Amino acid sequence: MSARRVILEEGKRLSESLLWTLQRRFFEVRKLRAWSEGVVPHYVSSHPFLARAYGRLAVGYLRDERETIDPHEPIYCIELGAGSGRLGFHFLRQTLAALRLPALRDLRLKYVMTDFAPGQVDELAGQAAFRPWIEEGLLDFARFDAEAPAALHLLHANTRLAPGTLANPALVVANYVFDSIPQDVFRVEDGTLCEALVTLSTDREAPDLGDPDLLPTIRLDASFAPVAGPDVYGEPALDGLLEDYRDRLAAAHLPFPCAALRCLDFFRRLTGDRLLLLSADKGFVHEESLLDHGLPGFAIHGSLSMQVNYHALALAVRRSGGTALHAERRLASLCICALAPGRSGDGLAETRHAFAEAVEAQGPDDFFSIKKGMEQAYATLTADQALAYLRFSGGDANIFLGLFPRLMALAPGMDDETRRELCAVARRVWEMFLPIGEERDVAFHLGLLLACVEQIPAALDLFTESLRLYGPDAATLYNVALCHHRLHRPEASREAVEQALALEPGHPGARRLHLVLQGEPATTATGGPPP
Ligand SMILES: C[S@@+](CC[C@H](N)C(=O)[O-])C[C@H]1O[C@@H](n2cnc3c(N)ncnc32)[C@H](O)[C@@H]1O
C-alpha cells in the first residue's frame, strides 16, 4: 500500500514552480553548513586545478583587452553563487602571481564573491582567511540574486555596480549555479513546442514549506501541453531562441535555462558587453545531447540541481555576434564554457589559446577523471610520485587527505631531501586551503606528517592553526606539547600537556610525557617509553 501523498502544486510552469522556493529556503537556512557538512558537493567545481584553469583564462582575456583597460579603475571578477568561497580563494591564490607579471602589473583586479542569501554573504565575508585581501582591496562581497538580477552593492568598498558605472571589461564566474536556478523544459515534436507543467507532491503529512529538508521528499511529475503562441515568455531574446529550437530540432526534450539567460543579459548590460563569463556545471553544449533523451533528471543532494543547457547559452551569445568557447570533445564530469557576448572570435586570440590549453587539452575535467583513477593507486605510490601528484594538483587539500595514510607510511624512510620537499609541498597545501569548518582537520594532519619527518617548528605552527580553528583538543595539545619538548622548551611543553590532561585525564601519551617532564621514569605510569 503506498503512502498518501500531499499535492503541493499542480500544472505549474517549471521555472515558476515552488521547487525553486524550496531550493532557496535550503540555502538560506543552511548557509555555509551546506558545504562544511558535506551536504552539497563542491569539490569538482572549486578545486585548485580548476581555479588555475580559470586564472589562465582570466589572464588571457585581460591580455586581449589590455589596450582598452583603464589601469586606474578596477577590473571586476564577479562570482555568482560563491557557496563555500573556495573557488574564489583558489582563483586569487593562483592568479595573483600572474597579475604581478610586467604585462599585467598595473591592473587592479577586484574579485567580488556574491550569493543571493544575505546570511550566506555575511558568513563568507566573515572568513578570517579573506581579511588580508579585503584590506588590500582585492576582494569584496555583494548580494546578487540571479533570479532578480540588479545592481550590486559592494560591502567593503561601498560602491554600487550598475549599468554604465564600470570603466573596464569584467569577468563573471558561475560554477554550479545555473543548475540551481529556475529552468523550464520544452518538448519539440515536428514543429510543435510543448512545455512541461509540473505537479509536486510529498509524503509528509503536514508539509512545512519553510523546512529546508522538505526538498528531498518532493516527487515531481510532469505533463506536456502545447504553448499558447510565439510569446512564451514575452521576452524577444528568449522567445527568439525557442523559435530557433522549434525550427531546427525534429524531436527533443529541451531544458531551457531561462534564469541563466536573463542573468547573462543583465551582465551584458552591466558591462556594456565587455564581459567574459566562465561557467562550469553538469550539462551539455552539443546539439546532439538534445536529441531525444527524454525528460531531464533532477539530482537532489540537500539542494536540487538540473543539467544545464549550455548549448542555449552559447546559441544566445552567437546569435548576437559574440564568441562561445567550449570543448569539442565530450567532457565526463563537468561542462566548461567561456562566453564573450560582445566579442567576435578574432579579438580573443589569447583567451582562445588559454581555453585550448587549460580546458580542452588538459583541463579540470581530465584532472577529475585522473584523480578518480589515482585514488585506487594511492597505496602503491612512491614518495616522489605522491609529492609530484600533490604539486601537479596545485596543493589540493582533498588529495592530501587521501594520500595522508600513504605519506605517513613512507615518512620514516624518506631521505633529507625528500623530507625538505615534503615540507615545501605541505606549506603549499596549507596556503591553498580555505578552512570552512569541515570535520577533517587539514592542519592537524599536516602537523602530524611534518612531525613525523622531524620538521618540528613547521608542525608546531600547524597544530597551533588546528587549535585556532577547532578549539582545544587533547590530541592536538599533546602534539603541541611534544613539539615544545623536542624544541627543548619544558615550560611550554608542560603547559600544553597539562591542558591536554585537563581535557582528557586518561590520554596515554600525555600522561607519559607529563611524567617525563616531571623527571619521573615514564614506565611507572603507562608501561611504555616516552614517545
Ligand atoms: C550548488 S551551489 C554551488 C556553490 C559554488 N559555486 C560551488 O561551485 O561549489 C549553488 C549556489 O548557488 C546559490 N544560489 C542559489 N540560488 C541562487 C540565486 N537565485 N541567485 C544567486 N545564487 C543562487 C546558492 O546559494 C549556492 O551558493
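Note that the structure is predicted; figures quoted are calculated from it, not measured. (Residues numbered from 1 in each chain as written. Predicted model: local features only at pLDDT ≥ 70, side-chain atom pairs only at ≥ 80, totals over all residues. Heavy atoms only, no water.)

1. Some thoughts on the overall build of the protein chain
Put simply, the rule is: Helix and strand definitions here come from DSSP, where helices need a minimum of 4 consecutive H or I residues and strands a minimum of 2 consecutive E residues; each element is numbered from the N-terminal end. Here a residue-residue contact requires only that any non-hydrogen atoms of the pair lie within 4.5 Å. Surface exposure here means Shrake-Rupley accessible area, sampled with a 1.4 Å probe, where a residue is shielded only by the protein chains that are shown. His is not counted, nor are the chain ends; Lys and Arg add positive charge and Asp and Glu add negative charge. Throughout, a charge is located at the NZ atom of Lys, the CZ atom of Arg, the CG atom of Asp or the CD atom of Glu.
If you tally the helices and strands in the protein chain, you get 21 helices and 18 strands. Expressed along its principal axes, the backbone C-alpha trace of the protein chain runs to roughly 90 × 70 × 45 Å. Restricting to contacts in the protein chain with at least 6 residues of sequence separation, those with at least 24 account for 73%. Carbon and sulfur atoms make up 51% of the accessible area of the protein chain, which amounts to about 22,300 Å² in all. Side chains of the protein chain carry 53 positive and 70 negative charges; the gap between the two charge centres is 3 Å.

2. Some remarks on the nonpolar core
This is how it is decided: The set of buried Ala, Val, Leu, Ile, Met, Phe, Trp, Tyr and Cys residues whose side-chain atoms join them within 4.5 Å is what this entry labels a nonpolar core. Buried means the residue's accessible area, taken with a 1.4 Å probe over protein chains only, is under 20% of the maximum for its type, while exposed means over 50%, and partly exposed covers the values in between. Note that the domain bounds were set by an automatic or database domain assignment.
Formed by 112 residues in total, the largest nonpolar core has its most connected members in Tyr54, Phe130, Leu139, Phe141, Phe400, Leu403 and Leu407. Of all the elements, helix H4 (residues 48-65) adds the most residues to this core, at nine residues. Both domain 2 (30-181 + 262-367) and domain 3 (377-526) contribute no fewer than three residues apiece to this core. Excluding residues within four positions of it along the chain, Tyr54 makes contact with Leu87, Phe91, Val173, Asn175, Leu278, Ser279, Ala280 and Ile336. Listed in part, the 57 residues of the second largest apolar core include Val172, Ile181, Ala314 and Leu315.

3. Structural notes on the side chain of Ser46
Summarising the element assignment, Ser46 is placed in helix H3 (residues 43-46). Among the residues examined, Ser46 registers a relative accessible area of 9% and is labelled buried. Those residues in contact with Ser46, other than ones at most four positions away along the chain, are Arg86, Leu87 and His90.

4. Re the packing of helix H8 (residues 236-248) against helix H10 (residues 310-319)
Heads up, the condition is: The axes are straight lines fitted to the C-alpha atoms, using for helices just the contacting stretch, and the angles between their N-to-C directions are given from 0 to 180°. With respect to orientation, any angle under 35 degrees is reported as roughly parallel, any angle over 145 as roughly antiparallel, any angle of 65 to 115 as roughly perpendicular, and every other angle as oblique. Here the term charged refers only to Asp, Glu, Lys and Arg, the term nonpolar to Ala, Val, Leu, Ile, Met, Phe, Trp, Tyr, Cys and Pro, and the term polar to all other amino acids, Gly among them.
Look at H8 against H10: their axes get within 11 Å of each other, and the N-to-C directions meet at 110°. One finds that H8 runs roughly perpendicular with respect to H10. From H8, Gly240, Leu241, Asp244, Tyr245 and Arg248 reach across to H10, where they touch His311, Ala312, Leu315, Ala316 and Arg319. Residues that form the contact of H8 with H10 fall into these classes: five nonpolar, two polar and three charged.

5. Re the site of the ligand
The condition is simple: Near, as used in this document, describes a residue that has one of its heavy atoms within 4 Å of the molecule or strand being considered. Definition of a polar contact: a pair of N or O atoms within 3.5 Å, with one able to donate and the other able to accept a hydrogen when the atoms are protein atoms, and with sequence-neighbouring residues admitted only if both atoms are side-chain atoms.
The environment of the ligand is made up of 20 residues, and the closest members are Ser45, Gly81, Asp115, Ala146 and Asn175. In the environment of the ligand, an oxygen atom lies 3.4 Å from a nitrogen or oxygen atom belonging to the backbone of Gly83. Within the side chain of Asp115, one N or O atom sits 2.6 Å away from an oxygen atom of the ligand. Contact with the protein chains removes 99% of the 590 Å² of surface that the ligand exposes when unbound. For the shell around the ligand, the elements supplying multiple residues, two or more each, are helix H1 (19-30) and H3. Taken together, the residues of the shell around the ligand sort by class into nine nonpolar, seven polar and four charged.

6. Digging into helix H18 (residues 474-486)
Our working definition: In this analysis, the expected span of each helix is defined as 1.5 Å times one less than the number of residues it contains.
Here H18 contains 13 residues, and its C-alpha end-to-end distance of 18 Å stays within 8% of the 18 Å for a straight helix at 1.5 Å per residue. In terms of burial, H18 is largely enclosed, as ten of its 13 residues are buried. Taken as a whole, H18 has its buried residues at Ala474, Thr476, Leu477, Tyr478, Asn479, Val480, Ala481, Leu482, Cys483 and His484. Buried positions along H18 lie against helix H16 (442-452), helix H17 (456-470), helix H19 (490-503) and helix H20 (508-517). Immediately downstream of H18, the backbone of His488 shows phi near 60°, a positive value.

7. Some words on a negative patch on the surface
What counts, and what does not: Residues form patches when they are more than 30% accessible in relative terms and have no salt bridge. Like charges link within 9 Å. Nonpolar side chains (Val, Leu, Ile, Met, Phe, Trp, Tyr) link within 5 Å. When a carboxyl oxygen of Asp or Glu lies within 4 Å of a side-chain nitrogen of Lys or Arg, that pair is called a salt bridge.
On the surface, a cluster of negative charge is contributed by Asp384, Asp415, Asp416 and Glu417. Inspection of the secondary structure puts Asp415 in the loop between helix H14 (397-410) and helix H15 (416-431).

8. Remarks on empty space enclosed by the protein
Any empty space left between the atoms is revealed when a probe the size of a water molecule rolls over them. So the rule is basically this: In this analysis, the protein atoms alone were mapped onto a 1 Å grid. Cavities are point sets where a 1.4 Å probe fits without being able to get out; pockets are open sets with protein on both sides within 12 Å along at least five of seven lines; lining residues have an atom within 4 Å of a point. Grid points are joined across faces, edges and corners, and a volume is the space filled by probe spheres set on the points.
For the coordinates displayed, the defined rule picks out one cavity of 30 Å³ or more. The volume enclosed by the largest cavity comes to roughly 50 Å³. Around the largest cavity sit Leu14, Val185, Ala196, Val198, Leu220, Ala222, Leu295, Pro296 and Phe298, which together line it. Sorting the residues of the lining of the largest cavity by element identifies strand E9 (192-202) and strand E10 (218-226) as the ones contributing at least two each. Residue composition of the lining of the largest cavity, grouped by class: nine nonpolar, no polar and no charged.

9. Overview of the domain arrangement of the protein chain
Under the convention used in this document: Put simply, buried area is how much 1.4 Å-probe accessible surface two parts lose in total, over both of them, once they are put together.
For the protein chain, the assigned domains read domain 1 (6-24 + 183-252), domain 2 (30-181 + 262-367) and domain 3 (377-526). Look at where the C-alpha atoms of domain 1 and domain 2 centre, and you get two points 26 Å apart. Every contact between the two is made by 25 residues of domain 1 and, on the other side, 29 residues of domain 2. Buried area between domain 1 and domain 2, both sides added, is near 2,400 Å², and the carbon and sulfur share of it is 58%. It is Arg24, Gln183 and Tyr245 that lose the most area in domain 1 upon contact with domain 2, and together they represent 27% of the buried surface on that side. Counting across the interface, domain 1 meets domain 2 through six salt bridges. Arg319 is the partner of Asp244 in a salt bridge, and the nearest nitrogen-oxygen pair spans 2.9 Å. Taken together, the links from domain 1 to domain 2 amount to 14 residue pairs in polar contact (both at pLDDT 80 or more). Among the secondary structure elements, those contributing two or more residues to the side of domain 1 that touches domain 2 are H1, strand E8 (184-189), E10, H8 and strand E11 (251-256). In terms of residue count, H8 provides more of the side of domain 1 that touches domain 2 than any other element does, six residues in total. Considered class by class, the residues forming the side of domain 1 that touches domain 2 number 16 nonpolar, three polar and six charged.

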